[in-house]
Amino acid sequence: MGKCDTIELLRLEGRYLKFIVENHTELNLLEHVETCETCKEEILRAVEKDKPLADYGNLFQKEVEDPIVPQSSDYKNPVNFIDSRIQWRKRRLKELMENAEMELSSLRSRLASP
């Protein structure tokens, strides 16, 4: 006996929804950091000491190998580096969520079809 395609599609829908929610949460956190001096100061201290911050993964790591990611060495002011990384990550999250929402819409169309 084969697996039910609808069940598999519903599970996939759940994974897309979870992915979208997680990205939305990260986007909200970054938008908060943009305006919160306390959070920015914490990040600034970590960047200046080249110390990782568990709450942000490797987002504020000074140098990464991906050429599209803003590099610390390109900025004289570490606050500008932090702001640039935040803006870059927000753009990336929005792209990821947009793509996931399109895939989710397609998936829901398949679920609606008999």
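Preceding block: the structure.
For the structure given in this document, a descriptive report is provided here. Quantities reported herein were computed from a predicted structural model and do not represent experimental measurements. (Residues numbered from 1 in each chain as written. Predicted model: local features only at pLDDT ≥ 70, side-chain atom pairs only at ≥ 80, totals over all residues. Heavy atoms only, no water.)

This part covers the packing of helix 1 (residues 5–35) against helix 3 (residues 78–112). It is at 9 Å that the axes of helix 1 and helix 3 come closest, and there the two elements cross at 160 degrees. In this view, helix 1 runs roughly antiparallel relative to helix 3, as classed from their interaxial angle. As helix 1 runs across helix 3, the sense of the crossing is left-handed. Of the residues assigned to the contact of helix 1 with helix 3, the class counts are 18 nonpolar, four polar and eleven charged. (Axes fitted to C-alpha atoms, helices over the stretch in contact; angles between N-to-C directions. Helix = DSSP H or I, 4+ residues; strand = E, 2+ residues; numbered from the N terminus. Parallel < 35°, antiparallel > 145°, perpendicular 65-115°, else oblique. Left-handed = near helix turned anticlockwise from the far one by under 90°. Nonpolar A, V, L, I, M, F, W, Y, C, P; charged D, E, K, R; others polar.)

On to the side chain of Ser 84, then. Within the secondary structure, Ser 84 is located in helix 3. Aside from chain neighbours lying at most four places away, what touches Ser 84 is Pro 70 and Tyr 75. (Contact = heavy atoms within 4.5 Å.)

Compared with the 51 Å implied by 1.5 Å per residue over 35 residues, the 50 Å span of helix 3 between its first and last C-alpha is a close match. In this structure Asn 77 caps helix 3, since a side-chain oxygen of it lies 2.8 Å from the backbone nitrogen of Val 79. (Expected span 1.5 Å × (residues − 1). Polar contact = N/O pair within 3.5 Å; in protein donor to acceptor, adjacent residues only side chain to side chain.)

It is worth spelling out the packing of aromatic side chains at this point. One pair of aromatic rings is described through two measures. These are the centre distance and the angle between the planes. Inspection of every chain in the model, using the stated rule, returns two aromatic pairs. Measuring from ring centre to ring centre gives 5.5 Å for Tyr 56 and Phe 60, while their planes differ by 75 degrees; the resulting arrangement is edge-to-face. Exposure remark for Tyr 56: the relative accessible area of 18% places this residue in the buried category. Phe 60 sits in the buried class, given a relative accessible area of 8%. Judged by centre distance (6.2 Å) and plane angle (55 degrees), the ring pair of Tyr 75 and Phe 81 falls under tilted. (Phe/Tyr/Trp six-rings, centres within 6.5 Å; stacked < 30°, edge-to-face > 60°. Buried < 20%, exposed > 50% of the residue type's maximum accessible area, 1.4 Å probe, protein only.)

Looking now at the nonpolar core. Considering soluble globular proteins, one finds that nonpolar side chains tend to be buried as a cluster. Residues Ile 43, Tyr 56, Phe 60 and Ile 82 are the most contacted members of the largest nonpolar core, which totals 21 residues. At the level of secondary structure, the elements contributing two or more residues to this core comprise helix 1, helix 2 (37–48) and helix 3. Per element, the largest residue contribution to this core is six residues, and it comes from helix 3. Beyond its immediate stretch of four places on either side in the chain, Ile 43 contacts Val 33, Leu 53, Tyr 56, Phe 60 and Ile 82. By size, the runner-up hydrophobic cluster in this structure holds five residues, among which are Leu 9, Ile 20, Ala 100 and Leu 104. (Core = buried A, V, L, I, M, F, W, Y, C linked by side-chain atoms within 4.5 Å.)

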